[in-house]
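# A look at the structure
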Amino acid sequence: MLETLDAAAVRRWCGAGLAALRAHQHEIDELNVYPVPDGDTGTNLVLTLTSAHEALQEETGADEPGTATPLGRVMRRMARGALLGARGNSGVIVSQILRGMADTFAAAVSVRGGELAKALRRASEAAYAAVARPVEGTVLSVAAAAAEGAGRIKSDDLVAVAREAARAAAEALARTPQQLPVLARAGVVDAGGRGLVVLLDALVEALSTTAQAPVATAPAPATDSPDDVGYEVQYLLDAGTEAVETLRGTLAGMGDSLVIVGTGEGDPPTWNVHVHVGIAQVGAALEAGVAAGRPFRISVSRLDDRIDDHAAHDHAAHDHAAHDRAGHDHAAQRAARGHAADDHPAHDHADRDHPVPASGAPVEPGRERPADPQRAERGAVVVAAGDGLTTLFAEEGAVVVGRNPSIAEMLAAIDATGARRVVLLPNDANTHAVAVSAAREAAAAGVRVSVVPTRSPVQALAALAVRDSQRRFDDDVIAMAEAAGACRYGEVTTAAREALTVAGRCHPGDLLGLVDGEVHVIDSAEAGPEEALGGVSCRLLDRMLGGGGELVTLVLGADAPAGLEELLRAHVAQAWPFVEVQAYAGGQPRYHLLVGVE
């Protein structure tokens, strides 16, 4: 066991933490209390730590042979990698926790138990400071409890402090349903908090041994062939060290993403075994465990490409032809409808599953990028998926970045605008934190970025339609925010998990109609998928138009049936004859229909 934290231990922690998050990824994803098929916390945390791990690998390659890397530098590298790779609110908050620890370690001569306790306290403070409206019962509460537990024992024993922090965090996680009613109703603990507990457990493991950290490799992509499709095999194993080394060699020849992590406790010790194999090797992977010792808590699940699906710039093809715009320019139509800046106050947008980090501080004029004749004055970045939506936003002069982007991907899109002042439209509550962090990073490079808190692509269309380069930049941002806030948004999707909603309980496969992020319509789709989709969409329109509206925007998803647009146009014409309808083939995945009402 270590008495003083060093760079090697930080690297072991990062590797073990990534391996543990991958092992628990599906479990953490399933803690999501909302039934919508995106924003999975476990996946976002894996992607965030993957970036941190890659940053440390680059740092190792840059070291001079025979020299030791300073602890502060390697910790800062880990935190910086996590920040640039952060996805979703949980990823951003964890990156801030790592940054708080890095700041403490950078100023320390040596890191023993007392310094680790200080680092955890500063990490908790950094996490709370990054959030505009802190909510207890989330990862914030778990981080605070870890810091309190570490400081309470008044010890300089590094491992003892880490163990107490992990224990206190686990107890705080168990209390989260008592703090957040939505967790209590769903019967789960907070997903982000669970991820932090996994990381703290990995820290204890890294400090308890000087062995090399497990190599964390990227998951193998699944293929379409039934014989080649990837499966994730996991089990706990009671076995001796020599038997496990034999098992490691056996499994390495069967598949990849192999991680075997020991707890160091028990006689024989217990190991967590994780490997990705083809379907033909599943049985052999289990038999190898039986040969090595006593496997238990066995889990075999088909890989569903979560990481690739979240990380890729998703541009799903749409088989409908582009709809005729009838000679009407989209921006002109919106502007003609009137989005006066003093008519529509901006809405207050709360995150679906985590508090939203605060907006960055305004950039002082002296920090803005100097005038460059090769750079445009203003630009816009929009988060969207689907060929149709990408084309629509490009026609509005925006750079489009794929769904669930990292901070690094957003920064690349900001740079691609070639502008000194940029408006960023995240189009999702779980992406807002990433957008704000990207804006802060861009400010350091002299580019001023303002985030308009859009929750849906239809709000982004409304915001871009009122953009006016003749206005002052700040006034233009206000007008765009108010136009977005004045646009109510709806979505039709298929439930990804069972959940208790304001409209009742839904089950996987049910069709859901959401208004401003809350489920209002549920249909079991027993009557047939196309009929149910049309019925849910019409009921959703009636709910939204019941509160008033003059213009309805329909954005059809990648799998929308051919007759859906005509059905909805006919319904609006009959039930709401004075409402204008615009429709576009968005091609977005996961959401069969997006609706905007202005």
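Residues numbered from 1 in each chain as written. Predicted model: local features only at pLDDT ≥ 70, side-chain atom pairs only at ≥ 80, totals over all residues. Heavy atoms only, no water.

## Looking at the overall build of the protein chain
Along the protein chain, the regular secondary structure elements total 20 helices and 16 strands. Every one of the 598 residues in the protein chain was classed for burial, and the buried ones make up 56%. Considering only contacts in the protein chain between residues 6 or more positions apart, those separated by 24 or more positions represent 76%. By element, 52% of the accessible surface of the protein chain is carried by carbon and sulfur atoms, the whole surface being about 24,200 Å². (Helix = DSSP H or I, 4+ residues; strand = E, 2+ residues; numbered from the N terminus. Buried < 20%, exposed > 50% of the residue type's maximum accessible area, 1.4 Å probe, protein only. Contact = heavy atoms within 4.5 Å. Areas by Shrake-Rupley, 256 points an atom, 1.4 Å probe, with all protein chains shown as cover.)

## Section: the packing of helix H15 (residues 407-416) against helix H16 (residues 429-444)
Taken N-terminus to C-terminus, the directions of H15 and H16 make an angle of 55°; their axes are 9 Å apart at the nearest point. Between H15 and H16, the interaxial angle falls into the category oblique. Crossing hand, H15 versus H16: right-handed. Across the interface between the two elements, Ile407, Met410, Leu411 and Ile414 from H15 touch Thr431, Val434, Ala435, Ser437, Ala438, Glu441 and Ala442 from H16. Tallied by class, the residues present in the contact of H15 with H16 amount to eight nonpolar, two polar and one charged. (Axes fitted to C-alpha atoms, helices over the stretch in contact; angles between N-to-C directions. Parallel < 35°, antiparallel > 145°, perpendicular 65-115°, else oblique. Left-handed = near helix turned anticlockwise from the far one by under 90°. Nonpolar A, V, L, I, M, F, W, Y, C, P; charged D, E, K, R; others polar.)

## So, the sheet that holds strand S13 (residues 518-523)
Pairing within the open sheet is mixed, and its six strands lie in the order S13-S12-S9-S16-S14-S15. Each edge of the open sheet carries a strand with a single partner, namely S13 and strand S15 (580-585). On average, each strand axis in the sheet is tilted by 20° relative to the strand beside it, whichever way the strands run. In this sheet, strand S12 (residues 511-515) lies alongside strand S9 (residues 488-494) in antiparallel orientation, the contact comprising five bridges. (Pairing = 2+ DSSP bridges.)

## Some thoughts on the pattern of salt bridges
Oppositely charged side chains can pair when the atoms bearing their charge come close. Tallied over the full model, the rule gives 24 salt bridges. When the shortest N-O distance is used, the salt bridge between glutamate 27 and arginine 194 registers 2.7 Å. In this pair, glutamate 27 sits in helix H1 (residues 7-29) while arginine 194 sits in helix H9 (residues 191-208), placing the two residues 167 residues apart along the sequence. Among the salt bridges present, the one from arginine 152 reaches glutamate 164, with a minimum N-O distance of 3.7 Å. Note that arginine 152 is positioned in helix H6 (residues 139-152) and glutamate 164 in helix H7 (residues 158-179), a separation of 12 residues in sequence. A network of salt bridges, in which partner residues are shared, links Arg152, Glu164, Arg167 and Glu171. (Salt bridge = Lys/Arg side-chain N within 4 Å of Asp/Glu carboxyl O.)

## Notes on the nonpolar core
Membership of the largest hydrophobic core comes to 69 residues, with the highest contact counts inside it found for Met78, Leu116 and Leu207. Broken down by secondary-structure element, the contributors of at least two residues to this core are H1, helix H2 (41-62), helix H3 (71-85), helix H4 (88-106), helix H5 (113-129), H6, H7 and H9. If you look at the next biggest cluster of nonpolar residues, it comprises 36 residues, including Val36, Phe393, Val423 and Leu512. (Core = buried A, V, L, I, M, F, W, Y, C linked by side-chain atoms within 4.5 Å.)

## Considerations on helix H11 (residues 282-292)
The complete set of buried residues in H11 reads Val282, Ala285, Ala288, Gly289 and Ala292. For H11, the angular spread of buried residues about the axis comes to 125°, placing them on one side. Exposed residues on H11 whose side chains face more than 90 degrees from its buried face are Glu287, Val290 and Ala291. (Arc of directions from axis to C-beta.)

## Quick word on the packing of helix H14 (residues 387-395) against helix H17 (residues 457-465)
Packing of H14 against H17 brings their axes to within 11 Å, and their N-to-C directions diverge by 15°. Considering the angle they form, H14 stands roughly parallel to H17. As for how H14 packs across H17, the hand of that crossing is left-handed. Every residue of H17 that contacts H14 at Leu389, Leu392 and Phe393 is listed here: Pro457, Ala460, Leu461 and Leu464. Per-class residue counts for the contact of H14 with H17 are seven nonpolar, no polar and no charged.

## Considerations on unusual backbone geometry
In this structure, lysine 154 is a non-glycine residue whose phi angle is positive, near 50°. Residue placement: lysine 154 occurs in the loop between H6 and H7. Accessibility expressed as a relative area gives 76% for lysine 154, which makes it exposed. Although it is not a glycine, asparagine 427 sits at a positive phi angle of roughly 60°. Among the secondary structure elements, asparagine 427 is positioned in the loop between strand S7 (419-425) and H16. The class for asparagine 427 is buried, based on a relative accessible area of 7%.

## What to know about the environment of serine 124
Residue placement: serine 124 occurs in helix H5. A C-alpha to C-alpha distance of 9.6 Å links serine 124 and glutamate 148, two positions 24 residues apart in sequence. Not counting the four nearest positions on each side in its chain, serine 124 is found in contact with Ala143, Ala144 and Ala147.

## Some thoughts on the environment of alanine 560
Examined against the element boundaries, alanine 560 turns out to sit in the loop between strand S14 (551-556) and helix H20 (564-575). As a C-alpha pair, alanine 560 and leucine 593 span 33 residues in sequence and 7.3 Å in three-dimensional space.

## Describing H3
Taking 1.5 Å per residue as the helical rise, H3 with its 15 residues ought to reach 21 Å, and the 21 Å between its terminal C-alpha atoms agrees with that figure. All of the buried residues in H3 are Leu71, Gly72, Val74, Met75, Met78, Ala79, Gly81, Ala82, Leu83 and Gly85. (Expected span 1.5 Å × (residues − 1).)

## Digging into the environment of alanine 442
Structurally, the position occupied by alanine 442 is in helix H16. Since its relative accessible area comes to 5%, alanine 442 is described here as buried. Put simply, alanine 442 and alanine 412 are 30 residues apart on the chain and 9.8 Å apart in space, counted from C-alpha to C-alpha. Here alanine 442 is in contact with Leu411, Ile414, Val447 and Val449, once residues within four sequence places are set aside.

Read these as spatial facts, not as claims about activity.
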